[in-house]
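Structural features, examined
Chain by chain, the residues:
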Amino acid sequence: MTAQMEDQRAEGGRTGVYVYGILPGDIKVESGAEGVGDPPGEIRVVRHRDLAALVSDVDLDRPLGRAEDLFAHEELLDATAADVPVLPLRFGAVLTNDDAVADELLGAHYDEFTSALKQLEGHAEYVVQGRYVEDVILSEVLSEQPEAAQLNEAIRGMDPDASRDERMQLGEIINNAIEAKREADTQAFGDALSGQVTASVVRPPSHELGAVYVALLVETGKAEKLRQAVDRLAEQWQDRIELRFLGPLAAYDFVGAAAPADATAGD
Amino acid sequence: MSIAPQSGGSGVAQRPQASGLADVIDTILDKGLVLDAYVRVSLVGIELVTIDARVVIASVDTYLRFAEAVNRLDISQEKEGLPGLVGDMEEGGAKHKTKGAIEAAGDKLREFADAQGGDRETQRSRRRGD
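Residues numbered from 1 in each chain as written. Chains lettered and ligands numbered in written order. Predicted model: local features only at pLDDT ≥ 70, side-chain atom pairs only at ≥ 80, totals over all residues. Heavy atoms only, no water.

1. Looking at the overall build of chain A
Quick reminder of the rule: Under the scheme used here, helices are H or I runs from DSSP no shorter than 4 residues and strands are E runs no shorter than 2 residues, and both carry numbers assigned from the N terminus. Only C-alpha atoms enter the radius of gyration; for comparison, a globular chain is expected to reach 2.2 Å times N to the power 0.38, where N is the number of residues. Three labels apply to residues, based on accessible area from a 1.4 Å probe with only protein chains included: buried if under 20% of the type maximum, exposed if over 50%, partly exposed otherwise in between. Contacts between residues were defined by any pair of non-hydrogen atoms, one from each residue, lying within 4.5 Å. Values of accessible area rely on a 1.4 Å probe in the Shrake-Rupley scheme; residue burial ignores everything except the protein chains shown. Only four residue types enter the charge count: Lys and Arg as positive, Asp and Glu as negative, with His and the chain ends excluded. Lys charges are placed at NZ, Arg charges at CZ, Asp charges at CG and Glu charges at CD.
In terms of helices and strands, chain A carries nine helices and ten strands. The C-alpha atoms of chain A give 24 Å as radius of gyration, which overshoots the globular expectation for 267 residues (18 Å, by more than 25%). Along the three orthogonal principal directions, the C-alpha set of chain A runs to about 75 × 45 × 30 Å. With 267 residues in all, chain A has 54% of them scored as buried. Relative to all contacts within chain A whose residues are 6 or more apart in sequence, the contacts with residues 24 or more apart total 75%. Summing over all exposed atoms, chain A offers an accessible surface of approximately 11,500 Å²; the carbon and sulfur share of this is 47%. Computed over 23 positive and 51 negative side-chain charges, the separation of the two mean positions in chain A equals 2 Å.

Here's what the structure looks like:
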């Protein structure tokens with residue numbers, strides 16, 4: 001591979017080694033798996049002792065970030081995580097060459113990566129995202145907040161330009177009420193699933209109608225039970241929250257600077 | 001997909017819900033190990049052109065949009081609450097919308113009725129018979 005890169009350098013193209021994730025060394029990669037870039041680079045493995053990194057060569061003169069690039073990164077890692085523990089890297093990680101991956105990344109942080117992988121062994125991440133059904137949640141707010149209902153009435157008779165302050169005020173009340181509901185529902189969600197998960201991280205809402213957005217680290221053997229519990233919640237919340245269940249994913253939310261140490265703290 | 005499992009398969013029987021682009025953006029641009037924290041010498045900067053699709057929470061736009069949505073909502077709820085009235089209101093609404101055309105047609109009809117020596121009764125019975 002280094003030879004291939006040198007060839008490319010000789011042709012004038014600048015290439016780097018894009019790194020997807022770090023995993024135990026006893027894995028094989030099917031030939032032909034494609035990564036980021038256009039044309040996509042072929043996925044291969046760089047090893048150091050019993051650690052491995054999934055990488056592909058990437059053209060440094062072309063910006064990365066097309067939808068295809070993002071999907072390629074995530075799909076590779078998620079598919080991997082379904083079978084083996086993997087430490088996923090954030091999108092856009094490029095090193096100069098294979099030696100740098102082996103020595104500076106895997107070698108220099110061998111103990112840390114090995115222990116993090118050990119903690120992730122037998123786990124996968126699942127993400128549950130819920131969004132409030134707008135009409136339903138707004139009705140809830142109107143019936144619970146007399147001030148909002150009054151403002152709403154007042155605005156109806158007003159010229160849109162003249163009512164801007166009132167509309168801002170009304171919107172703020174609604175937004176605050178939804179924030180409070182989000183917090184309460186996220187708490188209820190956590191309570192309902194606490195027995196099924198090893199650790200959990202609440203993600204910041206990605207939408208103004210976001211209800212719950214939680215990443216869960218789950219033992220592979222408990223995944224089905226978790227799914228059933230989420231199904232029950234979905235049924236219970238049917239009219240007001242639409243729930244989505246994503247996974248298994250690589251443990252993106254549990255590999256931050258201090259996260260590996262926390263990853264099993266919840267059990 | 002591309003990795004051969006080292007041991008048995010996973011315990012998850014059902015297929016996961018597909019991730020959309022927004023899910024992927026939320027995940028791999030925000031989470032995961034940051035290489036900079038581990039490697040300095042051989043780190044290569046590469047230009048990333050990623051779109052941040054996330055909605056900014058609690059912006060002015062959000063407030064105004066909520067106000068608008070809740071205002072619309074109230075009207076539709078009144079309709080649902082009073083089904084008898086809704087039919088009338090909708091009919092009224094429809095009449096308003098096409099007022100110009102109906103008036104024009106009405107003028108023609110009146111001319112016709114006048115020519116026939118008829119009155120509004122005639123018009124009404126004709127309509128019922130339709």
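2. Some thoughts on the overall build of chain B
A count of helices and strands for chain B gives five helices and one strand. Sorting the 130 residues of chain B into buried and exposed places 25% on the buried side. Within the structure as shown, chain B displays about 9,000 Å² of accessible surface, and the carbon and sulfur contribution to it stands at 53%.

3. Quick look at the pattern of salt bridges
Residue and element names in this part refer to chain A. For clarity, the cut-off: We count a salt bridge whenever a side-chain nitrogen from Lys or Arg sits within 4 Å of a carboxyl oxygen from Asp or Glu.
The tally for this structure, following the rule as stated, stands at 19 salt bridges over all chains. For aspartate 38, the salt bridge goes to arginine 62, with nearest N and O atoms at 3.8 Å. Taken together, the residues span a long stretch of sequence, with aspartate 38 in the loop between strand 2 (28-29) and strand 3 (44-48) and arginine 62 in the loop between strand 4 (51-59) and helix 2 (67-81) at a distance of 24 residues. On the basis of relative accessible area, arginine 62 is assigned to the partly exposed category, the value being 42%. In this structure, the salt-bridge partner of aspartate 98 is arginine 44, at a minimum N-O distance of 2.8 Å.

4. As for the confidence of the model for chain A
Cut-off, in case you're wondering: Each residue carries a pLDDT value, the predictor's own confidence for that position, ranging from 0 to 100.
Averaged over all residues, the pLDDT of chain A equals 89, while 91% of them reach at least 70. With pLDDT under 50 throughout, residues 258-267 of chain A is counted as low confidence; its partners more than four residues away or in other chains account for 16 contacts.

5. Overview of the confidence of the model for chain B
All names here are of chain B. Per-residue confidence for chain B gives a mean pLDDT of 57, with 36% of residues at or over 70. Mean pLDDT values over the elements of chain B span from 34, in strand 1 (residues 3-4), up to 87, in helix 1 (residues 21-28). Throughout residues 1-16 the model reports pLDDT below 50, and contacts reaching past four residues in sequence, or to other chains, amount to 33 contacts. Contacts of residues 79-130 to residues separated by more than four positions or lying in other chains number seven contacts, the stretch itself having pLDDT below 50.

6. A closer look at the nonpolar core
Keep this limit in mind: To qualify as a nonpolar core, a set must consist of buried Ala, Val, Leu, Ile, Met, Phe, Trp, Tyr and Cys residues joined through side-chain atoms within 4.5 Å.
Membership of the largest hydrophobic core comes to 64 residues, with the highest contact counts inside it found for A:Ile22, A:Leu87, A:Val101, A:Leu105 and A:Phe113. The residues touching A:Leu105, leaving out its near neighbours within four places in the chain, are A:Val19, A:Ile22, A:Leu95, A:Ala100, A:Phe113, B:Leu35, B:Tyr38 and B:Val39. Core analysis: the next-biggest nonpolar cluster, separate from the first, contains 39 residues, A:Ala211, A:Val230, A:Leu243 and B:Ala67 among them.

7. So, the pairing of strand 7 (residues 123-132) of chain A
For a regular strand, side chains alternate in direction, first toward one face of the sheet and then toward the other. Residues and elements named next belong to chain A. Which entries qualify depends on this criterion: For two strands to count as paired, DSSP must find a minimum of two bridges between them.
Counting buried residues along strand 7, nine of its ten residues qualify, which places the element largely inside the surrounding structure. Strand direction decides the pairing type here: strand 7 and strand 9 (residues 210-219), joined by nine bridges, are antiparallel. Bridging from a neighbouring strand, arginine 131 pairs with glycine 210 of strand 9. Where strand 7 meets strand 10 (residues 241-249), seven bridges bridge the pair, whose relative direction is antiparallel. Pairing of arginine 131 across the sheet is with glutamate 242, part of strand 10.

8. Things to note about the packing of aromatic side chains
All names here are of chain A. Quick note on the threshold: Any two of the Phe, Tyr and Trp rings considered here, Trp counted by its six-membered ring, make a pair once their centres fall within 6.5 Å; the pair's planes then place it as stacked at under 30 degrees, edge-to-face at over 60, or tilted in between. Charge over a ring is defined by NZ of Lys or CZ of Arg lying within 6 Å of the ring centre and within 35 degrees of the ring normal.
Applying the stated criterion to the full structure yields four aromatic pairs over all chains. Judged by centre distance (5.3 Å) and plane angle (15°), the rings of tyrosine 126 and phenylalanine 245 are stacked. Of this pair, tyrosine 126 sits in strand 7 while phenylalanine 245 sits in strand 10, and the two are 119 residues apart along the sequence. You'll find tyrosine 126 and phenylalanine 245 in the same group, each marked buried. Counting every residue linked through ring pairs, the aromatic cluster contains Tyr18, Tyr20 and Phe91. If you follow arginine 49 out to its NZ or CZ, it ends over the ring of tyrosine 110, 3.8 Å from the centre.

9. So, the sheet that holds strand 7 of chain A
All names here are of chain A. Filter applied, for reference: Angles run from 0 to 180 degrees between N-to-C directions of axes, and those axes are lines fitted to C-alpha atoms, restricted for helices to the stretch in contact.
Across the sheet, which stays open at both edges, the four strands sit in the order 8-9-7-10 with antiparallel pairing between neighbours. Single-partner strands in this sheet number two, and they are strand 8 (199-202) and strand 10. Sheet twist, expressed as the average angle between the axes of neighbouring strands with direction ignored, equals 20°. Pairing geometry for strand 8 and strand 9, over four bridges, is antiparallel. From the neighbouring strand, alanine 199 faces strand 9, where its bridge partner is leucine 217. On the sheet, helix 8 (residues 223-236) packs against strand 7, strand 9 and strand 10 and is oriented at approximately 170° with respect to strand 10.

10. What about the side chain of A:Glu140?
Position of A:Glu140 among the secondary structure elements: in helix 5 (residues 134-144). Setting aside residues no more than four positions away along its own chain, A:Glu140 makes contact with A:Lys181 and A:Arg240.

11. Considerations on the environment of A:Leu95
Residue position: A:Leu95 is located in strand 6 (residues 94-95). A:Leu95 sits in the buried class, given a relative accessible area of 0%. Residues A:Leu95 and A:Val36, spaced 59 residues apart in sequence, show a C-alpha to C-alpha distance of 14 Å. Apart from the residues within four sequence positions on either side, A:Leu95 is in contact with A:Gly16, A:Val17, A:Val19, A:Ala100, A:Val101, A:Leu105, B:Leu35, B:Val39, B:Ser42, B:Leu43 and B:Val44.

12. A few points about the interface of chain B and chain A
This is how it is decided: The term buried area denotes the loss of accessible surface (1.4 Å probe radius) that occurs when two parts are joined, taken as the sum for both partners. Identification of polar contacts relies on pairs of N or O atoms within 3.5 Å, with a donor-acceptor requirement for protein atoms, meaning one able to donate a hydrogen and the other able to accept it, and with residues adjacent in sequence counted only if both atoms are side-chain atoms. Side-chain classes are defined by residue name, with Ala, Val, Leu, Ile, Met, Phe, Trp, Tyr, Cys and Pro counting as nonpolar, Asp, Glu, Lys and Arg as charged, and the others, Gly among them, as polar.
In this assembly, 63 residues from chain B lie in contact with 87 residues from chain A. Summing the contributions of chain B and of chain A, the shared interface buries around 6,900 Å²; its carbon and sulfur component is 60%. If you look at where chain B meets chain A, you find four salt bridges. For B:Asp23, the salt bridge identified is with A:Arg244, shortest N-O distance 2.7 Å. For the pair chain B and chain A, the interface holds 22 residue pairs in polar contact (both at pLDDT 80 or more). When residues of the side of chain B that touches chain A are traced back to their parent elements, those giving at least two are strand 1, helix 1 and helix 2 (60-81) of chain B. At 16 residues, the largest contribution of residues to the side of chain B that touches chain A is made by helix 2 of chain B. For the side of chain B that touches chain A, the per-class residue count stands at 36 nonpolar, 15 polar and twelve charged.

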